[in-house]
Amino acid sequence: MTRHRPAAPRLLPLVAALLLSACAGLGHGPAAAPPTHVAAAPTWVFEKSDLAPDPRFRFGRLPNGMRTIIVPNATPKGTVQVRLDVATGSLDETANERGFAHFVEHMAFNGSTHVPEGEMVRLLERKGLAFGADTNAQTSFEQTTYMLDLPRADDDLVDTALMLMRETASELTFSPEAVARERGVVLSELRDGQGYALDNFQDQLAFFYPKATYPKRLPIGTVQTIDAATAQSLKQFWQAHYVPEKTTLVVIGDVDPDKVTAAIARRFGDWHAAPAPARPGQGKVLPHQRGQTEIWINPALAERLTVARHGPWTDEPDTIAMRRENLLRQIGYGIVNRRFQSLSRRVDAPFRGAGFGTSDVFKIGRTTNLIVDTVDGGWARGLAAAGTVWREALAKGFTQAEVDEQVANLRTGIENAAAGEATRNNATLVSLALSLLHDDMVPTTPSSGLMRFNTFAPTITPASVLAALKREAVPLDQPLIRFQGRKTPAGGAKALRHTWQAAMAAPLDEGKAAPADTFGYTDFGTPGTVVADSTDATLGIRRIRFANGVMLNIKRTALEADRIHVRAALDGGEMLETRDNPMAVDLASSLPAGGLGRYSQDQLQTMLAGHAVGTSFGANGDTFGAGGTTTARDLLLQLQLMAAYLTDPGYRPEAEELFHQGMANYFARRDATPGSALSAALGGILSGGDPRFTLQSPQAYQQLGFAQLKPVLKEPLARGALEIALVGDVDEATAIADVARTFGALPPREATFRAWQEARQRRFAAQPGVQVVRHKGPANQAIVRMVWPTTDDRDPVQTLTMDLVEQVAGIEVIDTVREKLGKAYSPSASSDMSQVWTGWGTFTLQASVNVADIAATHAALAQTMADLATHPIDADVLERARAPMLERLDNALKGNGGWLALAARAQSRPDRIARFQAARARLAALTVADVQAAAKAWLTPDKAVTVLVLPDGVAVPKL
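Description of the structure in this document. (Residues numbered from 1 in each chain as written. Predicted model: local features only at pLDDT ≥ 70, side-chain atom pairs only at ≥ 80, totals over all residues. Heavy atoms only, no water.)

**Side note on the sheet that holds strand 8 (residues 303-311)**
So, step 1. The sheet built from five strands is open, its strands ordered 7-11-8-10-9 with mixed pairing. Of all the strands in the sheet, the pair left with one neighbour each is strand 7 (293-297) and strand 9 (353-361). Strand-to-strand twist across the sheet, computed as the mean angle between neighbouring axes with direction ignored, equals 15°.
So, step 2. Relative to strand 9, helix 10 (residues 320-344) is tilted by about 155°, and along the sheet it contacts strand 9 and strand 10 (365-374).
So, step 3. Set on the sheet, helix 16 (residues 492-505) makes contact with strand 7, strand 8, strand 10 and strand 11 (480-485); between it and strand 7 the angle comes to about 125°. (Pairing = 2+ DSSP bridges. Helix = DSSP H or I, 4+ residues; strand = E, 2+ residues; numbered from the N terminus. Axes fitted to C-alpha atoms, helices over the stretch in contact; angles between N-to-C directions. Contact = heavy atoms within 4.5 Å.)

**Details of the packing of aromatic side chains**
So, step 1. This structure, assessed with the given rule, holds 28 aromatic pairs.
So, step 2. Ring geometry for W44 versus F59: centroids 5.1 Å apart, planes at 55°, classification tilted. Taken together, the residues W44 in the loop between helix 1 (12-23) and strand 1 (58-61) and F59 in strand 1 connect sequence positions 15 residues apart.
So, step 3. What makes W44 buried here is its relative accessible area of 5%.
So, step 4. Judged by relative accessible area, F59 falls into the buried class, the value being 5%.
So, step 5. These aromatic residues form a ring-pair network of at least three members: F141, F207, F208, Y209, Y214 and F362.
So, step 6. When the ring centre of F753 is taken as reference, the NZ or CZ atom of R905 above it lies at 4.4 Å. (Phe/Tyr/Trp six-rings, centres within 6.5 Å; stacked < 30°, edge-to-face > 60°. Buried < 20%, exposed > 50% of the residue type's maximum accessible area, 1.4 Å probe, protein only. Lys NZ or Arg CZ within 6 Å of the ring centre and 35° of its normal.)

**Some thoughts on empty space enclosed by the protein**
So, step 1. For the structure shown, the criterion picks out three cavities of 30 Å³ or more.
So, step 2. Approximately 140 Å³ is the volume found for the largest cavity.
So, step 3. Taken together, 15 residues make up the lining of the largest cavity; nearest its centre are F617, A626, M642, Y645 and L646.
So, step 4. Looking at the lining of the largest cavity, the elements that each hand over two or more residues are strand 15 (564-571), strand 16 (616-620), strand 17 (623-630) and helix 18 (635-647).
So, step 5. Within the lining of the largest cavity, the residues separate by chemical class into 12 nonpolar, three polar and no charged. (1 Å grid on protein atoms, 1.4 Å probe; cavity = no way out; pocket = protein on both sides within 12 Å on 5 of 7 lines; lining within 4 Å. Points joined across faces, edges and corners; volume = space filled by probe spheres on them. Nonpolar A, V, L, I, M, F, W, Y, C, P; charged D, E, K, R; others polar.)

**Side note on helix 12 (residues 400-419)**
So, step 1. Helix length check: helix 12 (20 residues) gives 28 Å between terminal C-alpha atoms against 28 Å at 1.5 Å per residue, within 8%.
So, step 2. Of all the positions in helix 12, only E402, V403, E405, Q406, V407, L410, T412, G413, I414, N416 and A418 are classed as buried. (Expected span 1.5 Å × (residues − 1).)

**Things to note about the side chain of T857**
So, step 1. Examined against the element boundaries, T857 turns out to sit in helix 25 (residues 854-870).
So, step 2. In contact with T857, not counting residues within four places along its chain, are V817, K823, A847 and V849.

**A word on the nonpolar core**
So, step 1. Judged by nonpolar contacts, the single largest core of 81 residues is most densely connected at F519, L552, L726 and F743.
So, step 2. Examining the composition of this core, we find that nine residues originate from one element, helix 18, more than from any other.
So, step 3. Those residues in contact with F743, other than ones at most four positions away along the chain, are N548, V550, L639, M642, A643, L646, L722 and I724.
So, step 4. Formed by 52 residues, the second largest nonpolar core is a distinct cluster that contains L84, L172, V255 and I264. (Core = buried A, V, L, I, M, F, W, Y, C linked by side-chain atoms within 4.5 Å.)

**Looking at the packing of helix 24 (residues 796-820) against helix 25**
So, step 1. One can describe the packing of helix 24 onto helix 25 by two numbers: an axis separation of 10 Å at closest approach and a directional angle of 140°. In terms of axis orientation, helix 24 runs oblique to helix 25. Handedness of the helix 24/helix 25 crossing: right-handed. Contacts from V808, A809, E812, V813, T816 and V817 of helix 24 reach helix 25 at T857, A860, L861, T864, M865 and L868.
So, step 2. Here the residues of the contact of helix 24 with helix 25 sort into eight nonpolar, three polar and one charged. (Parallel < 35°, antiparallel > 145°, perpendicular 65-115°, else oblique. Left-handed = near helix turned anticlockwise from the far one by under 90°.)

**Thoughts on the sheet that holds strand 16**
In a beta sheet, neighbouring strands pair by backbone hydrogen bonds and run either parallel or antiparallel.
So, step 1. Here seven strands make up an open sheet; going across it, the order is 12-13-14-18-15-17-16 and the pairing mixed. Only two strands of the sheet have a single neighbouring strand rather than two, namely strand 12 (530-535) and strand 16. Averaged over all neighbouring strand pairs, the angle between strand axes comes to 15°, with direction disregarded.
So, step 2. Relative to strand 13 (residues 542-546), strand 12 runs antiparallel, the two sharing five bridges. Along strand 13, the bridge assignment pairs A532 with R545.
So, step 3. The strands touched by helix 22 (residues 706-719) within the sheet are strand 15, strand 16 and strand 17, with strand 15 carrying the most contacts at an inclination of about 120°.

**Observations concerning a nonpolar patch on the surface**
So, step 1. A surface patch of nonpolar side chains, amounting to about 300 Å² of accessible area, comprises V770, V772, V956 and L959.
So, step 2. Note on placement: V956 falls in the segment after strand 23 (945-951). (Patch = residues over 30% accessible without salt bridge, like charges linked within 9 Å, V, L, I, M, F, W, Y side chains within 5 Å. Areas by Shrake-Rupley, 256 points an atom, 1.4 Å probe, with all protein chains shown as cover. Salt bridge = Lys/Arg side-chain N within 4 Å of Asp/Glu carboxyl O.)

**A short note on the pattern of salt bridges**
So, step 1. Considering all chains together, one arrives at 63 salt bridges under this definition.
So, step 2. The partner of D155 in a salt bridge is K259, with the nearest N and O atoms 2.8 Å apart. Taken together, the residues span a long stretch of sequence, with D155 in helix 4 (residues 155-170) and K259 in helix 9 (residues 257-268) at a distance of 104 residues.
So, step 3. Of the charged contacts in the structure, one is a salt bridge between D690 and R579, with a shortest N-O distance of 3.2 Å. On the criterion of sequence distance, the pair formed by D690 in the loop between helix 20 (674-686) and helix 21 (698-702) and R579 in the loop between strand 15 and helix 17 (601-607) is long-range, its members being 111 residues apart.

Set out below in structure tokens:
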């Protein structure tokens with residue numbers, strides 16, 4: 001729906017990332033040489049723009065009108081991503097065709113001229129692609145996109161992918177039997193999406209856009225139109241809209257572009273179709289819609305106010321001038337939202353969060369929104385405060401310091417993008433290609449964007465930023481006001497309107513920004529001395545130990561230019577929780593929000609602007625984890641920041657307040673959906689009420705504070721064993737010196753991680769049989785979950801065997817529950833054998849189903865596992881399960897994430913490296929008999945705990 005403006009204030013972090021990519025294209029670069037088969041007439045938006053596309057992108061057009069984008073790229077090496085993008089979606093549907101675009105997407109996996117029904121997924125599984133992970137599709141209002149992520153770049157697999165995309169484009173068969181079965185899957189997906197969130201969203205669209213078409217064309221469709229769909233009507237929709245002129249094929253990866261170009265021409269050159277029909281009218285956005293107020297109440301909804309006005313859509317092609325204008329707008333929106341953020345971080349803040357932004361509504365209008373999230377009953381104070389901040393910004397403008405902070409952050413992002421240009425991964429380049437197709441954004445190079453930014457940045461002033469913001473943002477005079485929450489606001493709609501009007505009439509304060517400080521945590525003592533230094537011969541992970549006991553693991557890679565991933569593992573984590581104190585570390589993840597002893601989180605954000613640093617903290621199993629991603633120039637600052645949190649956390653009350661607000665909202669919607677109700681109850685069910693794994697009372701969380709956490713963390717922070725990992729484009733000598741100046745300079749620490757033998761004890765206490773969890777969501781929604789106790793992962797072969805059983809069971813339940821029965825959209829299997837809890841492991845089958853289908857679904861799941869235990873599986877099923885697992889192992893170290901997983905505990909858990917190195921051979925050696933033996937040992941139906949998640953008031957069915 002949106003192009004390159006902030007889509008909505010609550011999505012600002014995501015939108016900021018998108019805007020940064022757009023602004024990284026401020027300027028010129030060398031033009032791409034068009035392939036010989038490009039049509040002479042304008043085909044791409046960049047042909048009418050002064051922005052030059054990335055020369056690595058090869059743009060083409062076949063004589064039939066189908067477009068192609070091919071980008072040779074070796075990150076990750078030996079892999080390819082293929083996308084078939086069809087410019088059709090739910091906006092192309094008539095009222096009687098609602099949901100057809102999405103239904104057609106489902107039918108792409110259900111048989112074509114050259115691929116029998118059910119064989120497409122099997123074919124890809126045999127070649128190492130997992131359904132869902134590597135084979136997927138999605139339908140939106142305007143596009144349908146088919147996605148294949150190829151684990152290998154060999155000619156055969158690429159050709160197979162092209163063949164399957166051609167089958168989807170022009171050869172689908174739409175047998176009535178397949179349509180009838182898939183109808184149940186589509187209806188299951190529709191049912192799973194129902195609930196309070198969808199109801200609220202639909203009402204919101206109806207209020208703000210009463211004359212627009214898209215609120216009545218959500219891609220999922222309606223029960224009535226899906227029930228009425230026939231093989232013939234679906235085929236007619238597909239034939240009308242799947243035509244070459246609306247289709248683009250994207251191939252990005254480790255390929256020869258000339259060979260791919262020729263292969264595409266062979267596969268798609270003879271595809272011809274009638275011209276596509278015109279898209280139905282999209283309706284209107286009403287610029288003069290004003291002064292209306294609405295209230296929407298649901299017990300699961302947190303309190304939110306949306307203040308909005310509409311304006312006309314403005315045609316703004318992607319050009320150098322437009323990107324400069326958008327850069328100024330981004331800075332303006334960023335400053336206003338930064339003011340909101342600062343206010344929300346105060347003790348007794350007037351709101352939990354607020355945001356200001358403007359979004360395009362397709363090409364029929366634009367909307368400016370002010371969104372305010374408040375605690376229950378706090379709407380008046382929050383609305384008045386946010387309205388005042390917005391009004392002050394638009395009336396008085398911005399300070400140079402505010403502009404400087406935004407520009408510094410933008411500069412850092414653009415410089416870092418340019419530094420990493422040579423190692424952009426396939427996914428990043430695919431995103432750029434799809435932005436061209438969906439949003440008319442020219443895919444420029446980060447380095448050319450940096451050139452343009454450097455030219456333009458000196459001209460950015462507070463006045464120019466304010467002027468750009470005012471040119472786009474629609475004034476919020478007599479706005480639309482919508483309230484959502486759990487309880488009708490006192491005074492109703494009149495009170496909402498009066499509060500806004502009073503805020504608009506109140507006198508404005510001058511307001512003075514606090515001066516920015518400089519980061520003061522730079523001296524941690526005498527730099528540490530290295531007492532041990534060795535390098536793994538096979539993987540090249542360097543292991544270093546400092547005299548104070550701190551461990552450092554370094555793996556230099558060339559996989560991401562100018563990127564360094566930093567992770568710290570601190571001994572303790574959930575091991576510090578006991579039955580008597582089961583919430584001991586529940587507040588640990590709030591530590592960064594409490595700032596440091598000298599600075600609040602808000603002050604840190606300002607003083608660290610322009611630096612690629614940040615940190616997280618939280619309890620994860622037997623450690624506390626912290627980390628961030630940085631660059632070589634900011635590595636020392638990143639380490640200083642992390643060491644400062646280790647030595648002087650701020651424990652400020654504003655972090656406690658945020659935690660309490662979050663927990664209050666969590667409990668208010670805990671039982672609002674089957675999934676959330678199950679998540680809240682499952683730990684206690686399986687652990688027999690062990691308080692460490694059981695959700696505690698709402699009051700207990702409201703009473704939790706840093707006063708309880710601080711003494712628990714004191715010993716681990718001061719003395720706990722600590723292991724640091726650095727992975728990426730790192731200079732080893734510099735990195736060792738930087739760690740020596742920070743973590744290596746701290747007082748002595750424990751040399752090894754503790755065993756925690758008693759704390760690791762966890763018992764599977766649920767008895768076989770049925771457990772019932774209740775939810776308050778739609779009356780037709782239920783979950784069937786079967787759980788078997790297994791064991792921990794100390795035996796690597798047994799763990800791999802159960803992982804293979806998981807893949808086999810996943811294939812089988814999709815085949816039975818989804819494809820044959822049509823009872824569930826995404827039935828799943830999972831094996832979880834713990835690295836942390838002694839003897840603890842589970843194997844799970846789960847399906848979200850209609851309440852009426854519980855018994856049949858449970859029977860199908862139970863029969864699947866009984867068959868695995870009593871009958872050898874088909875050899876083809878075994879290989880379809882194993883092949884994607886082998887490909888994942890082969891590709892695990894083609895990204896820094898895989899290296900980080902090994903380097904993070906390379907000294908304290910060296911067994912994990914040995915396991916990884918042996919995993920492929922062990923997995924390849926597993927047999928049909930091994931799978932059957934494991935299923936027989938652990939997974940017979942009589943050993944399962946069945947958890948049924950049912951709506952309130954529904955009788956428990958007989959199973």
